[in-house]
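Descriptive analysis of the structure
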Amino acid sequence: MNIERRCRSLCLGPLHACTVCLVLVTHIGLVAAEDHPDTIVTATRQRQEALTSFFVEYRIVSKVLGAPVNAKKYLNVLAEVDETKAFAFKKNKRYFRLTRPVGTYTDIAPEVSIGAAPNITDPKAPPSETPEKMKHRVSMQTETAFDGATLRRREHDEKTAFIFGDGDLKVIKTDAQFFTNEYLLCAFHSLPDVFRANETRADHRLPDLLETGAGTLRTDREDVDGHSCVVIDVNSERKVTAWCDPELNYAVRRWDSYDVDGMHRTWRYDLSDFIEVSTGFWFPRHCTRLRWATTAAPIEVRQAPLMQYQYEVLLIHANDVKDELFELTIPAGTEVVDFSQTAVTADGVEQPLMYQMPANPTELDSLVRKTRNIVEASSNTTPHRGQRMMPLILF
């Protein structure tokens, strides 16, 4: 029920003739029924449930806005990049691809080496990479897919692949190690962690945060680029404010994230050029993301954003993603490290099987058996007895 219908139900007259209603609307900021939290929950829940599968391919171009040395020192940013990513999901299946061509990775402030210096942004974070360790990031193409049971990852440039079974997935701390959910993060629609049921990420989805009371609706709307938006303050670990457009079924047009003090803004996302990908679910084709230094930096450094990220959607579609995308075929000749197939050496060390993918798929089982026999007959004192190694996966 909108304001005019509500007023007519009270005074049985038109809105302009009802003095009481005009006072309510203009002086105490009466919220329209359409902006009620329950209304928003219902609308966004329906659109969320209607999205059964999703695919997006997008380009990201990053740019230093402030002094490069400050971006490197206080944000731990190592380079400006121009790269393409793709992400997809279908129920509990996930897919991710990163393509970074040669010449699209530019080191910032190369005269400054942060080497093993502490991460100033977060004192608890691990040390920054040394130049030697970051060389592999200059040019790469990787693909990772999870079909609901097995995770496969291809390193195209290195012609290698990794396979992980159920036992390995249980020790993975977060699916973000493999699947960069960056675009959906921009659109304020995070997915639950596919490997950790307790990591629901509910405070980054409108219906969930409003239902749980994590989100508070402001009385007055605010304008964003000429669009009247509902404003929601999110009371999570860090303060977040989101501006939602009722004309787009409450798609988020802008959102800010703040430092732990709740006062200093560290991120701003501005979203535009929306397209209805699924019934009632509008997604942006462009996003500008700005990043400020945290309160750990001097006040003169954090007053203006240090980095800008431009996101441009190249391809997007929903509810038609094929299962084959999540199975990730490994080409013949690829060197495979298969953690789903292991063997124990003669001195008791459990090792993944390593083999070259055969040209004829029917020969794979025989190859795996032969490889297992070789490993079981071998002796290996590294790693230590009984220790099982996981590869370090870097993006």
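Residues numbered from 1 in each chain as written. Predicted model: local features only at pLDDT ≥ 70, side-chain atom pairs only at ≥ 80, totals over all residues. Heavy atoms only, no water.

As for the overall build of the protein
Secondary structure summary: the protein contains 9 helices and 17 strands in total. The buried share of the protein, reckoned over its 395 residues, is 47%. When contacts within the protein are restricted to residue pairs at least 6 apart in sequence, long-range pairs at least 24 apart make up 57% of them. Split by element, the accessible area of the protein, about 19,800 Å² in all, is 53% carbon and sulfur. (Helix = DSSP H or I, 4+ residues; strand = E, 2+ residues; numbered from the N terminus. Buried < 20%, exposed > 50% of the residue type's maximum accessible area, 1.4 Å probe, protein only. Contact = heavy atoms within 4.5 Å. Areas by Shrake-Rupley, 256 points an atom, 1.4 Å probe, with all protein chains shown as cover.)

Things to note about the environment of Thr294
Structurally, Thr294 is set in the loop between strand 14 (281-291) and strand 15 (307-318). By relative accessible area, Thr294 is classed as buried at 11%. As for Thr294 and Trp267, which are separated by 27 residues in sequence, their C-alpha atoms are 9.8 Å apart.

Considerations on the state of the cysteines
Applying the stated criterion to the full structure yields 0 disulfides. Looking at the unpaired Cys186, the closest cysteine sulfur is the one in Cys287, lying at 3.8 Å. Taking relative accessible area as the criterion, Cys186 reaches 1% and is therefore assigned buried. Of all cysteine sulfurs, the one in Cys229 lies closest to Cys244, which takes part in no disulfide; the gap is 7.3 Å. Judged by its relative accessible area of 0%, Cys244 falls in the buried class. (Disulfide = S-S within 2.5 Å.)

Looking at the pattern of salt bridges
Evaluation of the coordinates by the stated rule reveals 26 salt bridges. Residue Arg201 pairs with Asp175 through a salt bridge whose shortest N-O separation is 2.8 Å. Taken together, the positions of Arg201 in the loop between helix 7 (182-186) and helix 8 (206-211) and Asp175 in the loop between helix 6 (166-169) and helix 7 put the pair 26 residues apart, joining distant regions of the chain. Across the pair Arg201 and Asp193 runs a salt bridge, and its minimum N-O distance is 3.4 Å. When its relative accessible area of 26% is taken as the criterion, Arg201 is described as partly exposed. We classify Asp193 as buried; its relative accessible area is 5%. (Salt bridge = Lys/Arg side-chain N within 4 Å of Asp/Glu carboxyl O.)

Section: the nonpolar core
Counting 71 residues, the largest nonpolar core has Phe54, Tyr183, Phe195, Ile232 and Phe283 as the members making the most contacts within it. If one sorts the elements of this core by residue count, strand 15 sits on top with 6 residues. Setting aside residues up to four positions removed in sequence, Ile232 forms contacts with Leu206, Leu209, Leu210, Gly215, Thr216, Leu217, Val240, Thr241, Ala242 and Cys244. Counting 10 residues, the second largest nonpolar core, distinct from the first, contains Ala343, Leu353, Tyr355 and Met357. (Core = buried A, V, L, I, M, F, W, Y, C linked by side-chain atoms within 4.5 Å.)

What about the pairing of strand 1 (residues 53-64)?
Of all 12 residues in strand 1, 9 are buried; the element is thus mostly enclosed. With 9 bridges joining them, strand 1 and strand 2 (residues 79-90) adopt antiparallel strand pairing. From the neighbouring strand, Phe54 faces strand 2, where its bridge partner is Phe89. As defined by bridge partners, strand 1 adjoins strand 15 across 11 bridges and the pair is classed as antiparallel. In the sheet register, Ile60 faces strand 15, and the bridge partner there is Tyr311. (Pairing = 2+ DSSP bridges.)

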